[in-house]
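The residues making up each chain are set out below.
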Amino acid sequence: MLQIVTDSSCDLPPELIKSNNIRVVPLHIIFGDEVFQEGVDITPEAFYEKMAQSPTLPKTSQPVPAAFAKAFRELSAYGQVLCLTLSSKLSGTYQSAHVAKKLSGVDAVIFDTLAGSLGHGLQVLKACKLAQAGCTAAEVVAELTRYREKMKIVILLKTLENVVKGGRLSRFKGSLANILNLRILLHNQDGEVVLLDKVRGSKKLLHRALQILQSYCPDLTERKIGITHFRNLADVETLKQALHEQFNSRNIIVNNMGATMATYAGEGGIIISC
């Protein structure tokens, strides 16, 4: 059977990783001289605490090729290997997996999800389902390509603190946005994150996000939805209730946002993928 490998930015809950026998290769989180493996050496909560105390943003780094190569070699004994990675527009993880393919000598198939967090994770689950049904790597990639094209991702930012820390916005403009109570909506466009809208206040942010989701996907009844958050379960519960009541959504996965995504989303951030 086809063996599935991915990286830790997929933000899948541990029980789904275990039940689907997914091999996860961790990205690295760097605080000064300290290096942590995402999901291995540091939990999301421990990461949130550490980042809150840091005057600068931690750095994130793709897995080294040797880590992917080890996974490829070990799993190749059980079947062909398919590796799904974080968007190549956001990280060097996809390139690292390609280097690992040469390094390992394993004919692994590398697929760029053009997504992060559960936008990436939902594609991994789709690949697992197809692999379990006996599909070949070529068949899975063809189906994943179609799924990826329909994938919609909306990112809700409650604070611009991390955007300021990361140097993507001046401290003056960040302070001005806070004074005006501005909230930011971003979305995924061909694997890159771009500005979608600006609103005032958290309630309007959630309402606008639901409007956008409905415009993207008029029928969410059977659509699998993934929501990750950075210490914002209250807003996630509000979103879940609205998705159930307004859109009759039946399949929603919720998880903490992993360190890689949380570094850029900031506290209160939410990523919705469907």
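A quick note: this is a predicted structure, and the numbers were derived from the prediction, not measured.

Visitor: Go over the environment of Leu 86, please, and point to the residues and values.
Guide: In this structure, Leu 86 sits in the loop between β6 (81-85) and α4 (93-104). In this structure the C-alpha to C-alpha distance between Leu 86 and Asp 112, which are 26 residues apart in sequence, comes to 6.6 Å. When residues no more than four places from it in sequence are discounted, the contact partners of Leu 86 are Asp 7, Ser 9, Leu 27, Ser 91, Thr 93, Tyr 94, Asp 112, Thr 113, Ala 115, Gly 116, His 120 and Met 261.

Visitor: I'd like a description of unusual backbone geometry, backed by residues and values.
Guide: In the Ramachandran plot, Leu 114 falls in the positive-phi region, its phi being about 55° despite a non-glycine side chain. For Leu 114, a relative accessible area of 23% translates into the label partly exposed. At Arg 231, a residue that is not glycine, the phi angle is positive and equals roughly 50°. As for its position among the elements, Arg 231 is in the loop between β11 (225-229) and α10 (233-247).

Visitor: Describe the sheet that holds strand β3 (residues 28-31), listing the residues and the values that go with them.
Guide: Here we have three strands laid out as an open sheet, ordered β4-β3-β5, and antiparallel in their pairing. This sheet does not close on itself; its edge strands, each paired only once, are β4 (34-37) and β5 (59-61). Here the strands of the sheet are splayed against their neighbours by 25° on average, with no regard to which way each runs. One ladder, built from four bridges, connects β3 with β4; its direction is antiparallel. Looking at β4, one finds that His 28 is bridged to Gln 37. Sitting on the sheet, helix α2 (residues 44-53) is in contact with β3 and β4, with an inclination near 30° to β3.

Visitor: How would you sum up the sheet that holds strand β7 (residues 109-112)? Please name residues and give values.
Guide: Within a beta sheet, neighbouring strands are joined by backbone hydrogen bonds and run either parallel or antiparallel to one another. The four strands lie next to each other as β2-β1-β6-β7, forming an open sheet whose pairing is parallel. Every other strand in the sheet has two partners, leaving β2 (23-25) and β7 as the edge strands with one partner each. Taking each pair of neighbouring strands and ignoring which way they run, the sheet shows an average axis angle of 25°. Pairing geometry for strand β1 (residues 3-7) and β6, over four bridges, is parallel. Its bridge partner lying in β6, Thr 6 is registered against Leu 84. Across the face of the sheet, helix α6 (residues 137-150) comes into contact with β6 and β7 while running at roughly 5° to β7.

Visitor: Please give an account of the pattern of salt bridges that cites residues and values.
Guide: For the coordinates displayed, the defined rule picks out ten salt bridges. When the shortest N-O distance is used, the salt bridge between Arg 23 and Glu 74 registers 3.0 Å. Linking Arg 23 in strand β2 with Glu 74 in helix α3 (residues 65-75), this pair joins segments that are 51 residues apart in sequence. Note on Arg 23: relative accessible area 27%, which makes it partly exposed. When its relative accessible area of 32% is taken as the criterion, Glu 74 is described as partly exposed. Across the pair Lys 50 and Glu 34 runs a salt bridge, and its minimum N-O distance is 2.9 Å.

Visitor: I'd like a description of the packing of aromatic side chains, backed by residues and values.
Guide: In the structure shown here, the tally under the stated rule is five aromatic pairs. On the basis of an interplanar angle of 80° and a centroid distance of 6.3 Å, the ring pair of Phe 31 and Phe 36 is categorised as edge-to-face. The residues Phe 31 and Phe 36 share a single accessibility class, namely buried. Geometrically, the ring pair formed by Phe 47 and Tyr 48 is edge-to-face, given 6.3 Å between the ring centres and 65° between the ring planes. As far as the burial class goes, Phe 47 and Tyr 48 line up, both buried. Feature note: the residues Phe 31, Phe 36, Phe 47, Tyr 48 and Phe 230 constitute an aromatic cluster, connected by ring pairs.

Cut-off values and rules
- Residues numbered from 1 in each chain as written.
- Predicted model: local features only at pLDDT ≥ 70, side-chain atom pairs only at ≥ 80, totals over all residues.
- Heavy atoms only, no water.
- Helix = DSSP H or I, 4+ residues; strand = E, 2+ residues; numbered from the N terminus.
- Contact = heavy atoms within 4.5 Å.
- Buried < 20%, exposed > 50% of the residue type's maximum accessible area, 1.4 Å probe, protein only.
- Pairing = 2+ DSSP bridges.
- Axes fitted to C-alpha atoms, helices over the stretch in contact; angles between N-to-C directions.
- Salt bridge = Lys/Arg side-chain N within 4 Å of Asp/Glu carboxyl O.
- Phe/Tyr/Trp six-rings, centres within 6.5 Å; stacked < 30°, edge-to-face > 60°.

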